[in-house]
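# Coordinate analysis (summary)
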Amino acid sequence: MPVHGRYGDAGRVVRVSLQKIRNVRALVVASLILALPACSGRPTGVLLPIAQTEQLPGTSRVDMLVATTRKSATDRGVLFSGERGDAVTYTDLAVSIPPDAIRQPGSVQWAKSLPGNPATDFVALRADPVERGKVAAWTGRAVRRGAKRHVLVFVHGFNNKFEDAVFRFAQIVHDSGAEVAPVLFTWPSKGSVLAYGYDRESTNFSRNGLETLLRDLAKDPNVGEITVLAHSMGNWLTLESLRQMAIRDRRVAPKIRNVILAAPDVDMDLARTAFRDMGSDRPRLTLMVSGDDQALAVSRLVWGDSVRLGAIDPTAEPYKSELERQNIGVLNLSTVKGDDPLNHGKFASGEVVALLGKRLADGQPISDGQIGIGDRLVSTAAGAASTVATGAALAVAAPVAIVDPQTRETYGEHLSNVGSGFKDTVGSTANLAAAPLRAVTGSR
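For the structure given in this document, a descriptive report is provided here.

About the cut-offs
- Residues numbered from 1 in each chain as written.
- Predicted model: local features only at pLDDT ≥ 70, side-chain atom pairs only at ≥ 80, totals over all residues.
- Heavy atoms only, no water.
- Pairing = 2+ DSSP bridges.
- Helix = DSSP H or I, 4+ residues; strand = E, 2+ residues; numbered from the N terminus.
- Phe/Tyr/Trp six-rings, centres within 6.5 Å; stacked < 30°, edge-to-face > 60°.
- Buried < 20%, exposed > 50% of the residue type's maximum accessible area, 1.4 Å probe, protein only.
- Expected span 1.5 Å × (residues − 1).
- Polar contact = N/O pair within 3.5 Å; in protein donor to acceptor, adjacent residues only side chain to side chain.
- Axes fitted to C-alpha atoms, helices over the stretch in contact; angles between N-to-C directions.
- Left-handed = near helix turned anticlockwise from the far one by under 90°.
- Contact = heavy atoms within 4.5 Å.
- Nonpolar A, V, L, I, M, F, W, Y, C, P; charged D, E, K, R; others polar.

Along any regular strand the residues' side chains alternate between the sheet's two faces. As defined by bridge partners, strand β1 (residues 60-72) adjoins strand β2 (residues 80-97) across 11 bridges and the pair is classed as antiparallel. Bridging from a neighbouring strand, serine 72 pairs with phenylalanine 80 of β2. Taken together, the four bridges between β1 and strand β5 (residues 181-186) define a ladder with parallel strand orientation. Looking across to β5, one finds that valine 66 is bridged to leucine 184.

As structure tokens, then:
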């Protein structure tokens, strides 16, 4: 019987496993290519205001203030790129939304060609720069419609281009029906599923910018109260900015009444620190979770190195007692039907934003026990992605690229780099390969 060296058998197993992974990778990529529809992505420059002077019958209009730490783009229809800017920039932006009769609540209808048609597409009507010193004049006009002088600040998540964030927020505001002055804070995201590291660092880059915006709004006499809605990676930025504010000012500004954390991509230990540093007078916190987010399930499969706030089971200890002690509400979206195959955008679905709008109007806490979305607190929670290395990103990006032309634009350039990223996933090869297909086909 031959005697093997110390690593002989192990090395052979690893070589065989890696070969299998390469075969799986080839299969996934081949399946992706075969599944790609023949259509092209949406046009670039959708934020160039159209020449329409009169509002078409049935269309709606959302006027928002946009604050961003992105760098200005040379294309007037793009406005801001995914690069990092030198300072916070403000824009007075108006979006036209097609008639409700021809669109599904929770959806954004993108133009197939330029200029967009306001009868069928989301289009920009105005995009004017605003100086920081004149923001109070904007809020003065915007809050007149609401007795509470309520401002809703939205902080988007990972993988969002500037126009993604603008049109999504316009959809949320319109479908919610809430009487709020909408303020979007958008940070430098590359708009690529595979740019997780860059996006994560961009949230750190933007902490002071969001803190400054929130402090300015809280000091504005035109503003009565503020709600912050954060999604995915935007939760890290939100919690860090509020934590900074509390440390500087010894408390979070009293006008910031509600903070809604939708699928927060935040390390649980860091979340605890943020909650503690915000103090006992912090805003009411609500955690939005869903148990069937397929893309995020893949990333959790690969990266189980730290507990994410959005991935905890709120009914299990120590989280159940901790959430009760911290007075954090939980909104279970697991029973809400998503509009996309990955179930990643539920927080913006028509049902959820309508409930959100009603609760904001009533001034009541946003939680399961009050509004009855679920019969119980969530039993299995899917959070936003942990750190996505290249190998994990391929698995996440594959199903997204099938259904999203924009992801396909950046997908191909990364394929040559995926080999090293798969080395740590030997034990999960079968599940890793199957998960993207399950996400797209809905099979188990």
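Turning our eyes to something else, we now look at the packing of aromatic side chains. Evaluation of the coordinates by the stated rule reveals five aromatic pairs. Arranged with centres 5.7 Å apart and planes meeting at 55°, the rings of phenylalanine 122 and phenylalanine 167 form a pair that is tilted. Placement of the pair is phenylalanine 122 in the loop between β2 and β3 (123-130) and phenylalanine 167 in helix α3 (residues 162-176), with a sequence separation of 45 residues. Residue phenylalanine 122 shares its accessibility class with phenylalanine 167, and that shared class is buried. On the numbers, 5.2 Å between centres and 65° between planes, the contact of phenylalanine 158 with tyrosine 196 is edge-to-face. Residue phenylalanine 158 is located in the loop between β4 (150-155) and α3, and its partner tyrosine 196 is located in helix α4 (residues 196-205); the two are separated by 38 residues in the primary sequence. Residue classification places tyrosine 196 among the buried positions, given a relative accessible area of 2%.

With 16 residues, helix α6 (residues 234-249) should reach 22 Å at 1.5 Å per residue; the first-to-last C-alpha distance of 22 Å fits that figure. Among the residues making up α6, those that are buried are Gly234, Asn235, Trp236, Leu237, Thr238, Leu239, Glu240, Ser241, Leu242, Gln244, Met245 and Ala246. The positive-phi residue at the C-terminal boundary of α6 is arginine 250, with phi of around 70°.

For the rest of this paragraph, the subject is the side chain of glutamate 240. Relative to the elements of secondary structure, glutamate 240 occurs in helix α6. Take glutamate 240: its relative accessible area is 9%, and that puts it in the buried class. Polar side-chain contacts of glutamate 240 include one of 3.0 Å to the side chain of arginine 207.

Further remarks concern the packing of helix α5 (residues 207-219) against α6. For the pair α5 and α6, interaxial distance at closest approach is 9 Å and the crossing angle is 65°. Taken as a pair, α5 and α6 cross one another with a handedness that is right-handed. Contacts between α5 and α6 involve Arg207, Asn208, Leu210, Glu211, Leu214 and Arg215 on the former and, on the latter, Leu237, Thr238, Glu240, Ser241, Leu242, Gln244, Met245, Arg248 and Asp249. Of the residues that constitute the contact of α5 with α6, the class distribution is five nonpolar, four polar and six charged.

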